[in-house]
Amino acid sequence: MEIFCPTCREGYRIPTAHVPKTARMVVCNSCGTAWKQFFDKQPKPVSRMSESKVFEIMSVRRPTYSKVVLKILREEAALEAKLRT
Ligand SMILES: [Zn+2]
């Protein structure tokens, strides 16, 4: 895995066999910054999510408004646009 210095962005490559299982204090050879590095497993990329899970999230984030609510939202947006100009 690769770790990066939070101060100077110097990157360090750690062979997988030498990656510790717990957080360690590490020191940047370049600028001397010491920081606590976590060596947890890489978070799963979103694309690995099952389709049903993705659909679930999408449906939660896209609530269905009634026509009345949509009208109010449009009016508010128009008003806001007027105020900004
Ligand atoms: Zn550094």
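For the structure itself, look to the data block above.
Remember, predicted model here, so these are calculated numbers, not experimental data.

### Focus: the overall build of the chain
Phase 1 of the analysis: Each helix and strand in the chain was counted, giving 2 helices and 4 strands.
Phase 2 of the analysis: For the chain, buried positions account for 1% of its 85 residues.

### Topic: the environment of tyrosine 12
Phase 1 of the analysis: Positionally, tyrosine 12 belongs in strand β2 (residues 11-13).
Phase 2 of the analysis: Considered as a pair, tyrosine 12 and cysteine 28 are 16 residues apart in the sequence and their alpha carbons are 8.8 Å apart.
Phase 3 of the analysis: Those residues in contact with tyrosine 12 that lie beyond four places of it in its chain are Glu2 and Ile3.

### Side note on helix α2 (residues 67-84)
Phase 1 of the analysis: Under the 1.5 Å per step criterion, the end-to-end length of α2 is 26 Å for 18 residues, consistent within 8% with the ideal 26 Å.
Phase 2 of the analysis: Across the 18 residues of α2, 0 count as buried, placing the element largely on the outside.

### Here's the deal with the pairing of strand β3 (residues 24-27)
Phase 1 of the analysis: The sheet contact formed by β3 and strand β4 (residues 34-37) spans 4 bridges and is antiparallel. Across the sheet, the residue bridging to valine 27 is alanine 34, located in β4.
Phase 2 of the analysis: Hairpin connection of β3 to β4: 6 residues between the antiparallel strands, including glycine 32 at a positive phi of 85°.

Rules of the game
Residues numbered from 1 in each chain as written. Predicted model: local features only at pLDDT ≥ 70, side-chain atom pairs only at ≥ 80, totals over all residues. Helix = DSSP H or I, 4+ residues; strand = E, 2+ residues; numbered from the N terminus. Buried ≥ 20, exposed ≤ 12 C-beta atoms within 10 Å, placed from the backbone. Contact = placed C-beta atoms within 7 Å. Expected span 1.5 Å × (residues − 1). Pairing = 2+ DSSP bridges.

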